[in-house]
Amino acid sequence: MADHSGIQEAATLEQRTAAVELVLRRHGVLTDDFIHDFTEHADDAWVTANGARMVARAWTDPAFKARMLADGTGAAREMGFDFPEHHRHFVVLENTPDIHNVIVCTLCSCTAYTIIGAAPGWYKDLDYRARVVRESRTVLREMGLDLPESTEIRVWDTTADTRYMVLPVQPPATRGWPAERLAGIVTQDSLIGASRLDEVKG
């Protein structure tokens, strides 16, 4: 569609999606049930609860934690989780009282979505992606996480084949909780590094 200046207007996201779907169907690449089945699978299997279960197990099983920090991919597969073929490396970053890790994808909005779920809207935002690398403390403070000046902040930029997850510090009040209860306090923001769980009460 052209405006009065003769310049072609860009198609909307919905129009572009529909056009791609039409071409794939014409070539027999896309079956009638594919989109429904794929969406259902993603909604059921690619959820934050996967990462939360890994964190909870790491908090209660020191041997698993060591394996997870050494080989995140292997630890995830040990728990029955999978990855797309191009996610060749899954790295778990351990927070400590003195070190805080935060994840970003400066090129787009990639995450380890099979483990921590689909990227939240703020993670995709250009302002976050552009600023958190150079103004991490300020950006996190604007998001509600005010870290002491003594805390070292490490920013990790996702790549095409390497995805990250943060292992939050376990709140002291939750020591002795069973893994299932611990998993319930782990949020997607904490797995990305945009929040901490220090305020969780027993």
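Quick note: structure is the one above.
Since we're looking at a predicted model, the values are computed, not measured. Residue positions are counted from 1 within each chain, in the order its sequence is given. Residues qualify for local features only when their pLDDT is at least 70, as the model is predicted, and side-chain atom pairs are given and counted only at 80 or more; totals for whole chains, interfaces and linings, by contrast, use all residues. For the side-chain quantities, the full set of heavy atoms in the structure was used; hydrogens and water were omitted.

**Quick look at the overall build of the chain**
A helix here means a DSSP run of H or I that spans at least four residues, while a strand means a run of E at least two residues long, and both kinds are numbered starting from the N terminus. Looking only at helices and strands, the chain features 11 helices and 4 strands. A contact between two residues is defined here by any heavy atoms of the two lying within 4.5 Å. Here the contacts in the chain between residues at least 6 apart in sequence split such that 67% fall between residues at least 24 apart. To be clear on the numbers: accessible area is Shrake-Rupley with a 1.4 Å probe, and residue cover counts the displayed protein chains and nothing else. Summing over all exposed atoms, the chain offers an accessible surface of approximately 11500 Å²; the carbon and sulfur share of this is 55%.

**Regarding the packing of aromatic side chains**
The criterion for an aromatic pair is that two Phe, Tyr or Trp rings (for Trp, the six-membered ring) have centres within 6.5 Å, with stacked assigned to planes under 30 degrees apart, edge-to-face to planes over 60 apart and tilted to the rest. One pass over the full model with this rule turns up 5 aromatic pairs. When the centroid spacing of 5.0 Å and the interplanar angle of 80° are considered together, the rings of Trp-122 and Tyr-128 count as edge-to-face. Judged by relative accessible area, which is 4%, Tyr-128 ranks as buried. Centre to centre, the rings of Tyr-123 and Tyr-128 are 5.9 Å apart; their planes meet at 40°, and the pair counts as tilted. For every residue, the accessible area (1.4 Å probe, protein chains only) is compared with the maximum for its type, and the residue is labelled buried under 20%, exposed over 50%, or partly exposed between those bounds.

**Examining the pairing of strand 4 (residues 162–167)**
For a regular strand, the rule is simple: side chains alternate between the two faces of the sheet. Along strand 4, 6 of the 6 residues are buried, which leaves the element largely enclosed by surrounding structure. The alternating pattern of strand 4 places Thr-162, Tyr-164 and Val-166 and Arg-163, Met-165 and Leu-167 on opposite faces, both of which are buried. Two strands are counted as paired when DSSP detects at least two bridges linking them. Bridge count between strand 1 (residues 89–94) and strand 4: 6 bridges; the pairing is parallel. For Val-92, the partnering residue across the bridge sits in strand 4 and is Met-165.

**A short note on the state of the cysteines**
Cysteine sulfur pairs qualify as disulfides if the two atoms are within 2.5 Å. Applying the stated rule across the entire model yields 0 disulfides. Unpaired in terms of disulfides, Cys-105 finds its nearest cysteine sulfur in Cys-108, a separation of 3.5 Å. Left unpaired, Cys-110 is separated from the closest cysteine sulfur, that of Cys-108, by 3.1 Å.

**Let's talk about the pattern of salt bridges**
Each reported salt bridge corresponds to a side-chain nitrogen of Lys or Arg within 4 Å of a carboxyl oxygen of Asp or Glu. Using the criterion set out here, one finds 14 salt bridges in the structure. The salt bridge partner of Lys-65 is Glu-94, with a shortest N-O separation of 2.7 Å. Here Lys-65, found in helix 4 (residues 62–70), pairs with Glu-94, found in strand 1; they are 29 residues apart in sequence, far enough to count as distant. By relative accessible area, which is 27% here, Lys-65 ends up partly exposed. Residue Glu-94 is classed as partly exposed on the basis of its relative accessible area of 30%. Here Glu-135 ties to Arg-131 by a salt bridge, and the two come within 3.4 Å at their closest N and O atoms. With relative accessibility at 26%, the residue Glu-135 sits in the partly exposed group. Among the charged side chains, a network of salt bridges with common partners joins Asp-127, Arg-131, Arg-134, Glu-135 and Glu-142.

**A short note on the side chain of Arg-163**
Mapped onto the elements of the fold, Arg-163 is located in strand 4. This count recognises Lys and Arg as positive and Asp and Glu as negative, with His and chain-terminal groups excluded. Among buried charged residues, Arg-163 stands out as having no salt bridge; its nearest opposite-charge side chain is Asp-161, 7.1 Å away. Definition of a polar contact: a pair of N or O atoms within 3.5 Å, with one able to donate and the other able to accept a hydrogen when the atoms are protein atoms, and with sequence-neighbouring residues admitted only if both atoms are side-chain atoms. A distance of 3.2 Å separates the side chain of Arg-163 from the backbone oxygen of Thr-159, its partner in a polar contact. Apart from residues lying up to four places away in sequence, Arg-163 is in contact with His-86, His-87, His-89, Phe-90, Val-91, Cys-110, Thr-111, Ala-112 and Thr-158.

**Here's the deal with the side chain of Thr-151**
Inspection of the secondary structure puts Thr-151 in the loop between helix 9 (136–142) and strand 3 (152–157). Here Thr-151 falls in the buried class, since its relative accessible area comes to 4%. Apart from residues no more than four positions distant in its own chain, Thr-151 is found in contact with Pro-97, Asp-98, Ile-99, His-100 and Arg-137.

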